Amino acid sequence: MVDRHQLVGVGDVRTLLNDGEDRSSLCTSGIVAVSLVKGDDLKAALRRRGPDSLGANVVCLHTNISNDKREDFSVVKSFLHGEGTECEGGIHGELLFIGATLQLRGLSPVAQPLTDALQNVLVYNGEIFGGIYVSSHSNDTEILMENLGRCCSCFSHEGTGSSCASLGGQESVPELLSRARGPWALIYWQDSSNTLWFGRDAFGRRSLLVHWPTSHDSRFLLSSVSPTSIQQSHDLDDESGKFGVNFWEELPCGIYSVSIYPHKDHGYLIGEVKKHDWTDSELRKLMTWERTAIEPNPASLNSMPVEASQKVLMALKESVMRRSSSNRIFQVLNERAVAVPVGVLFSGGLDSMIISALLHECMSSEYEIDLLNVSFDGEMAPDRISAREGLKELQRIGPSRRWNLVEIDADLNNIPTETKHVMTLISPAKTYMDLNIGIALWLAAEGNGWLHDSSYAGNKRIRYKSMSRILLVGSGADEQCAGYGRHRTKFRNASWQGLHEEMKLDIQRIWKRNLGRDDRCIADNAKEARFPFLDEDVIRTLLDIPLWEIANLNLPSGTGDKMILREVARLLGLQSAAELPKRAIQFGSRIARESNKVNFGSNRAANQASAGSVTFHTPTM
């Protein structure tokens with residue numbers, strides 16, 4: 001598991017809890033014989049995400065018989081700092097925590113897993129931007145560990161409307177995590193209750209994969225990424241022949257616990273799995289995604305949302321500030337990374353232009369900004385053309401800033417090894433569309449390209465590799481502001497209520513369709529993706545605005561879709577960007593076209609086969 005604030009990569013919680021066909025109850029009686037995930041491969045995958053440190057802790061769980069008649073059992077624990085020493089005793093379970101660190105906050109180095117004097121263990125991948133106080137010089141992982149250590153260990157008040165805190169006692173783990181603002185995934189051993197807590201934030205902005213015990217690998221595994229030793233689908237021998245096995249699942253957003261206790265008759269360790277409710281009322285409102293007004297009256301469609309766009313602009317600016325403030329960025333010993341601490345995944349489109357302009361307003365002009373642009377068709381790709389035009393517009397509004405347009409050129413035929421690697425990263429996703437998006441994101445995040453400088457005759461290009469450890473990404477803008485073609489189709493067929501329901505569906509499934517995959521592909525380059533449009537305050541601000549001020553799909557494409565963001569762009573002085581149509585990365589970079597040629601022979605054949613939804617075959621690594 002991993003910490004991401006400071007670390008990247010929620011690493012592997014390897015819990016040897018066997019025979020767990022029913023997910024509500026896992027039990028263990030010894031060491032598993034089958035292992036489809038290799039520990040060294042998992043560590044290597046995590047180390048790519050978190051190059052600053054790699055650590056491991058083991059918690060051994062034993063049953064203790066209190067009398068000769070085996071009438072009473074208790075759980076006895078021992079703690080091993082580091083891996084390599086086997087747990088002793090006959091009946092036991094083992095919890096292995098692995099943490100790889102990409103440190104981005106605090107003044108002093110922090111390595112994971114974290115342990116405290118109470119024998120609690122934490123691996124964490126996230127950013128606390130609010131809800132829990134973290135000073136500008138503190139490390140949020142350490143602050144979270146301190147707060148978790150003060151949590152009570154009871155579940156008795158859940159579902160009753162009261163809590164330990166409301167009764168004058170301690171806060172529970174679900175209560176603490178419910179008020180945290182920002183992206184996170186974590187695994188936490190609470191020693192006082194013999195409970196393993198795990199989960200990811202309400203919108204799934206950080207990856208966390210789960211493998212539930214099966215007859216082929218009876219361990220319970222949690223990891224932020226799949227190692228290369230396991231693919232999404234495997235052919236395994238069975239008495240009846242070959243069959244496919246889906247090893248990993250995206251863990252649905254939420255807070256979970258596994259309470260471990262001995263079987264009352266046999267002493268085997270039982271792990272009882274439970275999903276807990278979010279306790280913060282404001283967070284629950286965001287999750288239900290209910291808007292204040294959906295159906296307009298005719299007069300309301302004739303005005304531009306000027307006042308509303310100013311509110312969105314302020315919320316977005318605060319969001320970018322939270323994600324780029326220099327006192328929140330751990331100063332690594334790398335001059336280039338210090339000079340360019342934050343970059344933008346940049347197509348030159350509406351969303352990335354807004355993020356770039358706001359980043360310029362939020363960050364001192366002494367810092368450069370890397371704009372990372374990927375193309376599979378050289379200068380002819382639509383995203384390359386719009387990126388160069390966008391650079392000119394940014395230079396016009398920010399002439400004192402050094403803008404680095406990093407042009408990353410790729411050819412699918414020349415990157416077979418990278419393609420296989422990305423197939424592992426996007427697992428459990430397995431369609432060509434996921435693969436195309438994953439490759440584009442992975443190459444962009446790698447940042448290895450050419451620096452475009454139009455001041456030279458012939459537009460001279462200089463070899464350049466971005467060292468920015470933080471990358472701002474525009475995810476969530478289309479889902480919240482009706483940017484997809486399917487939104488226009490739904491509006492045409494079911495009017496405003498249909499559009500609202502489609503947008504609600506998109507935001508409630510973004511964790512499964514987009515964010516886990518995107519986090520894994522970007523973090524594999526030791527970079528952290530941050531999503532300004534998915535800030536809790538931005539989501540709330542957009543929901544407080546009538547739907548017809550967010551988008552009016554009676555108007556043409558490039559005007560009515562994402563109408564509120566087009567007005568935000570105009571307020572920022574981005575007149576050209578405000579008129580750009582929506583273009584997905586797989587089309588703007590032209591990777592979809594090249595993929596269609598390689599895998600289907602032509603675009604026409606790919607379209608006939610509905611190539612985007614076709615499942616690819618995973619090659620042997």
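Since the model is a prediction, treat every value here as computed from it, not as a measurement. (Residues numbered from 1 in each chain as written. Predicted model: local features only at pLDDT ≥ 70, side-chain atom pairs only at ≥ 80, totals over all residues. Heavy atoms only, no water.)

Draft legend 1. Structural detail: the overall build of the protein chain. Scanning the protein chain from N- to C-terminus turns up 19 helices and 24 strands. The buried share among the 621 residues of the protein chain stands at 59%. Contacts spanning at least 24 positions in sequence make up 74% of the contacts within the protein chain whose residues lie at least 6 apart. (Helix = DSSP H or I, 4+ residues; strand = E, 2+ residues; numbered from the N terminus. Buried < 20%, exposed > 50% of the residue type's maximum accessible area, 1.4 Å probe, protein only. Contact = heavy atoms within 4.5 Å.)

Draft legend 2. Quick peek at the sheet that holds strand β21 (residues 448-452). The strand order β22-β21-β20-β19-β18-β23-β24 describes an open sheet built from seven strands, whose pairing is mixed. For this open sheet the edge positions go to β22 (461-465) and β24 (528-530), each flanked by a neighbour on one side alone. Neighbouring strand axes in the sheet, compared pairwise and without regard to direction, differ in orientation by 35° on average. Here β21 runs beside β22; their pairing, made up of five bridges, is antiparallel. Bridge pairing links tryptophan 450 to arginine 463 in β22. Sitting on the sheet, helix α5 (residues 306-324) is in contact with β18 (342-345), β23 (470-472) and β24, with an inclination near 165° to β23. Sitting on the sheet, helix α8 (residues 382-397) is in contact with β19 (369-375), β20 (403-409), β21 and β22, with an inclination near 175° to β20. (Pairing = 2+ DSSP bridges. Axes fitted to C-alpha atoms, helices over the stretch in contact; angles between N-to-C directions.)

Draft legend 3. Summary view of unusual backbone geometry. Of note, the bond from glutamine 112 into proline 113 is cis; its omega dihedral lies within 30 degrees of zero at 0°. As for its placement among the helices and strands, proline 113 is situated in the loop between β6 (92-101) and β7 (114-115). Of the consecutive residues serine 427 and proline 428, the connecting peptide bond is found in the cis state with omega at 15°. As for its placement among the helices and strands, proline 428 is situated in the loop between α9 (416-426) and α10 (432-446). In the Ramachandran plot, alanine 526 falls in the positive-phi region, its phi being about 60° despite a non-glycine side chain. Inspection of the secondary structure puts alanine 526 in the loop between α13 (510-523) and β24. The exposure class of alanine 526 is buried, given its relative accessible area of 15%. Even without being glycine, lysine 562 reaches a positive phi, approximately 55°.

Draft legend 4. Highlighting the side chain of glutamate 502. Within the secondary structure layout, glutamate 502 lies in helix α12 (residues 485-508). Contact partners of glutamate 502, with chain neighbours within four places excluded, come to Arg486, His487, Lys490 and Arg509.

Draft legend 5. Geometry of the side chain of histidine 211. For histidine 211, the position within the fold is in strand β11 (residues 209-211). Given a relative accessible area of 2%, histidine 211 falls into the buried group. At 3.1 Å, the side chain of histidine 211 forms a polar contact with the backbone oxygen of phenylalanine 247. Every residue in contact with histidine 211, bar those within four places of it in the chain, is listed here: Asp217, Arg219, Phe220, Leu221, Phe247 and Trp248. (Polar contact = N/O pair within 3.5 Å; in protein donor to acceptor, adjacent residues only side chain to side chain.)

Draft legend 6. Quick look at the packing of aromatic side chains. Taken as a whole and assessed by the stated rule, the structure comprises seven aromatic pairs. For the pair tryptophan 212 and phenylalanine 220, a centre-to-centre distance of 5.4 Å together with 25° between the ring planes defines the contact as stacked. Taken together, a centroid distance of 5.4 Å and an interplanar angle of 70° make the contact between tyrosine 432 and phenylalanine 600 edge-to-face. In this pair, tyrosine 432 is assigned in helix α10 and phenylalanine 600 in helix α18 (residues 591-600), connecting sequence segments 168 residues apart. Overall, phenylalanine 600 belongs to the partly exposed group, its relative accessible area being 23%. The rings of Phe198, Trp212, Phe220 and Tyr256 are connected pair by pair, giving a single aromatic cluster. In this arrangement the basic side chain of arginine 291 is found over the ring face of tryptophan 289, its NZ or CZ atom lying 5.2 Å from the centre. If you follow arginine 486 out to its NZ or CZ, it ends over the ring of tyrosine 484, 4.2 Å from the centre. (Phe/Tyr/Trp six-rings, centres within 6.5 Å; stacked < 30°, edge-to-face > 60°. Lys NZ or Arg CZ within 6 Å of the ring centre and 35° of its normal.)

Draft legend 7. Examining the pattern of salt bridges more closely. By the definition in use, this model includes 47 salt bridges. For aspartate 201, the salt bridge goes to arginine 205, with nearest N and O atoms at 3.1 Å. In this structure, the salt-bridge partner of arginine 384 is aspartate 409, at a minimum N-O distance of 2.8 Å. Of this pair, arginine 384 sits in helix α8 while aspartate 409 sits in strand β20, placing them 25 residues apart in sequence. For arginine 384, a relative accessible area of 1% corresponds to the buried category. Residue class for aspartate 409 comes out partly exposed when judged on its relative accessible area of 35%. Because the salt bridges share partners, they merge into one network encompassing Arg49, Arg105, Glu127, Asp140, Arg206, Asp519, Glu528 and Arg530. (Salt bridge = Lys/Arg side-chain N within 4 Å of Asp/Glu carboxyl O.)

Draft legend 8. Representation of the nonpolar core. Residues Leu144 and Leu565 are the most contacted members of the largest nonpolar core, which totals 139 residues. Counting residues in hydrophobic clusters, the runner-up holds 22 residues, among them Leu208, Val210, Phe220 and Leu251. (Core = buried A, V, L, I, M, F, W, Y, C linked by side-chain atoms within 4.5 Å.)

Draft legend 9. Broad picture of the packing of α10 against α13. Remark: α10 packs on α13, axes separated minimally by 8 Å, with the N-to-C direction vectors making an angle of 40°. Here α13 runs oblique to α10, going by the angle between their axes. Here α10 runs over α13; the crossing is right-handed. Between α10 and α13, the contacting residues are Asp434, Ile437, Gly438, Leu441, Trp442 and Ala445 on the first element and Arg513, Arg517, Asp518, Cys521 and Ile522 on the second. Residues of the contact of α10 with α13, tallied by class, amount to six nonpolar, one polar and four charged. (Parallel < 35°, antiparallel > 145°, perpendicular 65-115°, else oblique. Left-handed = near helix turned anticlockwise from the far one by under 90°. Nonpolar A, V, L, I, M, F, W, Y, C, P; charged D, E, K, R; others polar.)

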